[in-house]
Amino acid sequence: MSGRFAPRPVTRTTVRGGDTAAAGSVPRQSTPAPSARTRTWTPPGPLDLALALGPLRRGPADPTFRATPDGVFWRTCRTPAGPGTLRVSAGAGVVEAIAWGEGADWLLDELPPLLGSLDDPSAFVPRHRVVADTWRRRPGLRLGRTGLVLESLIASILEQKVTTHEAYRAWRLLIRKYGDPAPGPVDLHITPSPRTWALIPSWEWHRAGVDSKRSATILRAVRVARRLEEAATMPLEQASARLQLIPGIGPWTAAETLQRSNGAPDAVSVGDYHLPSTVGYALAGNRDADDDAMLELLAPYAGQRHRAARLILLSGRTPPRRAPRMTPGNIAAL
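Residues numbered from 1 in each chain as written. Predicted model: local features only at pLDDT ≥ 70, side-chain atom pairs only at ≥ 80, totals over all residues. Heavy atoms only, no water.

### Considering the overall build of the protein chain
Then, in step 1: Secondary structure summary: the protein chain contains 15 helices and seven strands in total.
Then, in step 2: Looking at the protein chain residue by residue over its 334 residues, the buried ones come to 53%.
Then, in step 3: Taking the intrachain contacts of the protein chain between residues at least 6 apart in sequence as the baseline, contacts between residues at least 24 apart amount to 68%.
Then, in step 4: Just so you have it, the protein chain exposes about 15400 Å², and 53% of that area is on carbon and sulfur atoms. (Helix = DSSP H or I, 4+ residues; strand = E, 2+ residues; numbered from the N terminus. Buried < 20%, exposed > 50% of the residue type's maximum accessible area, 1.4 Å probe, protein only. Contact = heavy atoms within 4.5 Å. Areas by Shrake-Rupley, 256 points an atom, 1.4 Å probe, with all protein chains shown as cover.)

### Some remarks on the packing of helix 13 (residues 275-284) against helix 14 (residues 291-298)
Then, in step 1: Close contact between helix 13 and helix 14 brings their axes to 9 Å; oriented N to C, the two are set at 45°. The angle between helix 13 and helix 14 places the two elements in the oblique class. In this structure, helix 13 crosses over helix 14, and the sense of that crossing is left-handed. Packed against helix 13, whose contacting residues are Leu275, Pro276, Val279, Gly280, Leu283 and Ala284, the element helix 14 presents Asp291, Met294, Leu297 and Leu298 at the interface. (Axes fitted to C-alpha atoms, helices over the stretch in contact; angles between N-to-C directions. Parallel < 35°, antiparallel > 145°, perpendicular 65-115°, else oblique. Left-handed = near helix turned anticlockwise from the far one by under 90°.)

### Re the pattern of salt bridges
Then, in step 1: Summed over all chains, the structure comprises 14 salt bridges.
Then, in step 2: Between Asp187 and Arg176 there is a salt bridge whose closest N-O contact spans 3.9 Å. On the criterion of sequence distance, the pair formed by Asp187 in the loop between strand 6 (180-181) and strand 7 (189-190) and Arg176 in helix 6 (residues 164-178) is long-range, its members being eleven residues apart.
Then, in step 3: Note on Asp187: relative accessible area 49%, which makes it partly exposed.
Then, in step 4: Judged by its relative accessible area of 35%, Arg176 is partly exposed.
Then, in step 5: Note that Arg242 is salt-bridged to Glu230, the shortest N-O span being 2.9 Å. (Salt bridge = Lys/Arg side-chain N within 4 Å of Asp/Glu carboxyl O.)

### Comments concerning the side chain of Arg66
Then, in step 1: Tracing the sequence through the fold places Arg66 in strand 2 (residues 65-67).
Then, in step 2: At 5.1 Å, Asp187 is the nearest oppositely charged side chain to Arg66, a buried residue that forms no salt bridge.
Then, in step 3: Here the side chain of Arg66 touches Asp187 through a polar contact of 3.1 Å, landing on its backbone oxygen. (Lys, Arg positive; Asp, Glu negative; His and termini not counted. Polar contact = N/O pair within 3.5 Å; in protein donor to acceptor, adjacent residues only side chain to side chain.)

### Notes on the nonpolar core
Then, in step 1: Residues Trp197, Trp205 and Leu243 are the most contacted members of the largest nonpolar core, which totals 30 residues.
Then, in step 2: Going through the elements one at a time, helix 5 (149-158), helix 6, helix 9 (212-223), helix 10 (225-229), helix 11 (236-243) and helix 12 (251-261) are the ones with two or more residues in this core.
Then, in step 3: Here this core gets seven residues from one element, more than from any other, and that element is helix 5.
Then, in step 4: Residues contacting Trp205, with those up to four places away along its chain left out, are Leu174, Trp197, Ile200, Val210, Ser215, Ile218 and Leu219.
Then, in step 5: The next biggest cluster of nonpolar side chains, apart from the first, holds 24 residues, and it includes Leu47, Ala97, Ala104 and Leu107. (Core = buried A, V, L, I, M, F, W, Y, C linked by side-chain atoms within 4.5 Å.)

### Focus: the sheet that holds strand 4 (residues 82-91)
Then, in step 1: Reading across the sheet, the five strands line up as 1-5-4-3-2 and stay open at both edges, with antiparallel pairing between neighbours. Edge strands, defined here as strands with exactly one partner in the open sheet, are strand 1 (37-41) and strand 2. Strand-to-strand twist in this sheet, taken as the mean axis angle between neighbours without regard to direction, amounts to 20°.
Then, in step 2: Direction of pairing for strand 1 relative to strand 5 (residues 94-100): antiparallel, over a ladder of five bridges. Within strand 5, the position partnered with Arg39 by the bridge is Ala97. (Pairing = 2+ DSSP bridges.)

### A short note on the confidence of the model for the protein chain
Then, in step 1: In this model, the protein chain carries a mean pLDDT of 91, and residues with pLDDT of at least 70 account for 87%.
Then, in step 2: Overall, residues 1-15 carries pLDDT values under 50, and its contacts beyond four positions in sequence, including any with other chains, amount to 34 contacts.
Then, in step 3: Predicted confidence for residues 24-31 stays below pLDDT 50, and this span has 17 contacts to residues more than four positions away or in other chains. (pLDDT = per-residue confidence, 0-100.)

### As for the side chain of Arg142
Then, in step 1: Within the secondary structure layout, Arg142 lies in the loop between helix 4 (129-137) and helix 5.
Then, in step 2: Those residues within four positions of Arg142 in sequence are excluded, and the remaining contacts are Gly45, Pro46, Leu47, Leu51, Ala52, Leu115, Gly116, Asp119, Pro121 and Arg310.

### Some points on the packing of aromatic side chains
Then, in step 1: Overall, the coordinates contain five aromatic pairs when judged by the stated rule.
Then, in step 2: On the numbers, 5.2 Å between centres and 65° between planes, the contact of Phe124 with Trp135 is edge-to-face. Linking Phe124 in the loop between helix 3 (111-114) and helix 4 with Trp135 in helix 4, this pair joins segments that are eleven residues apart in sequence. Trp135 shares its class with Phe124; the two are buried.
Then, in step 3: Ring centres of Trp197 and Trp205 lie 6.0 Å apart, and the angle between their planes is 20°; this geometry places the pair in the stacked category. (Phe/Tyr/Trp six-rings, centres within 6.5 Å; stacked < 30°, edge-to-face > 60°.)

Written out as structure tokens, the structure is:
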């Protein structure tokens, strides 16, 4: 088991690849608080916590997630049993977890799937050198599943048609204002309940920089939150269809959600602004690839296309810039 969690320097985050940089320190206790629950778990193979948990982080100041320089990861969420905070660390081949709040037991029960216990990396066969090289350098990549649809869905809706900076700002402002303080010894927040999301007034969406189209989509989603959560246990095709019954949710939003809630290895983000050119450039030297060209290049990875795309993003082989980045908007100033 030695070397499974060998330290790996984290310098720059590849947002879509799911790596995550360390933030500032978080108040810690030498022993768990009386209300805390604990669990240890031994993963069956190599595991990189940063790669497994990184996709759940929505920006460096995400109020629901934090990573510290000592390799500790904090995550908060609204579980079916209630709000909860999870602290995860690893060493000597063992994962150690502490959880607080009404959802503590649920979080600990779901710890292995969250870290990829249901993922089957043996089903993946690299077909390109850049993918094979990254696969060899990142043996701890696991696709985890949260089992929670709405939290990922709302964050993905906020990311529609805007820059990541705008989406992260909206997420941060809304969670800080309308989420509940997280249980446990950390200054984080829990995402709002469906009812609270539904009661956010229109001017607060505007103040957070969220246009009426995205806010309306979120409002439609939270009205049927229970039905959407059922998608966490569905096969990918049925789960995607369930989400896309909501007007305003298309293939991109559904894929981005199910990659996290279901750990879906084939949920490729069709309709993404950058992904087709990144995949096209890495696999064929074609920086002008569109969705059709991307899907053709990823066809040999059928059933594992999301994993292949993540490895390409983590490879760092991206097309050189030749135009200004997308300009952030600011509807709050209007």
